[in-house]
Structure formats: structure tokens, C-alpha cells
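Inside the fold
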Amino acid sequence: MTRLAVDPIACTGHGLCAELLPEAIALDEWGYPLLADGELPRELLRRARSVAATCPTRALRLVQTAARSAATDA
Ligand code: SF4
């Protein structure tokens, strides 16, 4: 499972990421990113990688997390 993550220390709140990927990133009232919960839709992965590479402070990245299975949720 791939999702977005932001380093809150490195992020300076430019808001560029939300402009480039509004489907997955909104901004809070101070201009800092609010990331969509959960897995990035497959069709957004390429753009998300590009947006992460565009972040001026390298605060945005894609991370891989283990998918939860029904067996472990029981
Ligand atoms: S582009 Fe980078 S520095 Fe700017 S708001 Fe997004 S994560 Fe933060």
C-alpha cells in the first residue's frame, strides 16, 4: 500500500503540493498540507511521485505500508 507522508518539520507550507495534486492534498488554514487518508489510488501514483520530487523542501514523500488483512483485524 502506498500513501503520502509529510515531514512536518521540513514542510514550510508553500502549498505547492496541494495545487499540483488536489485530489489527495488539501491545505489547512495555515497553508500546511492535509493528506488524504489511506492508499493512493493507482492512477495518482505517477503524479504523486512527481509532486513529491517537486516539493521545495523535500518534505513530501511516498511511503510503502503493509496492507491490513482481514485476519489481523479480527
Ligand atoms: S510543497 Fe512541500 S513544503 Fe510546500 S506545503 Fe507541500 S509538503 Fe510542504
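In this report, the structure presented in the accompanying data block is examined. (Residues numbered from 1 in each chain as written. Predicted model: local features only at pLDDT ≥ 70, side-chain atom pairs only at ≥ 80, totals over all residues. Heavy atoms only, no water.)

1. Thoughts on the overall build of the protein chain
Our working rule: Here a helix means four or more residues in a row that DSSP labels H or I, a strand means two or more in a row labelled E, and each is numbered from the N terminus. Buried residues are those whose accessible area, probed at 1.4 Å on protein chains only, stays under 20% of the maximum for their type, while exposed residues exceed 50% and partly exposed ones sit between those limits. Note on contacts: a residue pair is in contact if any heavy atoms of the two residues lie within 4.5 Å. Computed with a 1.4 Å probe, the accessible areas rest on the Shrake-Rupley method; for each residue, only the protein chains presented here act as cover.
Scanning the protein chain for helices and strands turns up three helices and four strands. For the protein chain, the sequential pattern of α-helices and β-strands runs β-α-β-β-α-β-α. When the 74 residues of the protein chain are sorted by exposure, 30% land in the buried category. Residue pairs in contact within the protein chain that sit at least 24 positions apart in sequence constitute 57% of those at least 6 positions apart. Counting every atom, the protein chain has about 5200 Å² of accessible surface; 53% of that belongs to carbon and sulfur.

2. Some thoughts on the side chain of threonine 2
Rules: We define a polar contact as two N or O atoms separated by no more than 3.5 Å, with the added condition that, inside protein, one atom must be a possible hydrogen donor and the other a possible acceptor, whereas residues neighbouring each other in sequence contribute only through side-chain atom pairs.
By secondary structure assignment, the location of threonine 2 is in strand β1 (residues 2-6). One polar contact links threonine 2 to glutamine 64, side chain to side chain, over a distance of 2.8 Å. For threonine 2, the contacting residues outside a window of four places in its chain are Gly38, Glu39, Leu40, Leu45, Leu62, Val63 and Gln64.

3. Digging into the site of the ligand
Heads up, the condition is: If even one non-hydrogen atom of a residue comes within 4 Å of a molecule or strand, that residue is called near it. Method remark: on a 1 Å grid restricted to protein atoms, a set of points is classed as a cavity if a 1.4 Å probe fits but cannot get out and as a pocket if it is open with protein on both sides within 12 Å along at least five of seven lines; lining residues have an atom within 4 Å of a point. Assignment to a cavity or pocket requires that more than half of a molecule's atoms be within 2 Å of the site's grid points.
Around the ligand sit 13 residues, and of these Cys11, His14, Gly15, Cys17 and Cys55 come closest. Applying the majority rule of atoms within 2 Å of the grid points places the ligand in the largest cavity.

4. Re empty space enclosed by the protein
To be explicit about the condition: Grid points are joined across faces, edges and corners, and a volume is the space filled by probe spheres set on the points. Following the grouping adopted for this structure description, the nonpolar residues are Ala, Val, Leu, Ile, Met, Phe, Trp, Tyr, Cys and Pro, the charged ones are Asp, Glu, Lys and Arg, and the polar ones are all others, Gly among them.
According to the stated counting rule, one finds one cavity of 30 Å³ or more in the structure shown. In this structure, the largest cavity encloses a volume near 120 Å³. Its residues assigned to classes, the lining of the largest cavity shows ten nonpolar, six polar and no charged.

5. Overview of helix α2 (residues 45-54)
Put simply, the rule is: Note that the arc is computed from the directions linking the helix axis to the C-beta atoms.
Of all the positions in α2, only Leu45, Ala48, Val51 and Ala52 are classed as buried. The buried residues of α2 all sit within an arc of 120° when viewed along its axis, so they share a single face. Summarising the contacts, the buried residues of α2 are in contact with β1, α1 (16-20) and β4 (60-64).

6. Here's the deal with the nonpolar core
The test is simple: We call a set of buried Ala, Val, Leu, Ile, Met, Phe, Trp, Tyr and Cys residues a nonpolar core when their side-chain atoms join them within 4.5 Å.
Among the nonpolar cores identified, the biggest contains 16 residues, and Leu4, Leu21, Ala24, Ile25, Leu40 and Leu60 are the most heavily contacted of them. Looking at this core, the elements that each hand over two or more residues are α1 and α2. The biggest single contributor to this core is α2, with four residues. When near neighbours in sequence (up to four residues on either side) are disregarded, alanine 24 contacts Leu4, Leu34, Leu35, Ala36, Leu40 and Leu44.

Shape descriptors only; they carry no functional weight alone.
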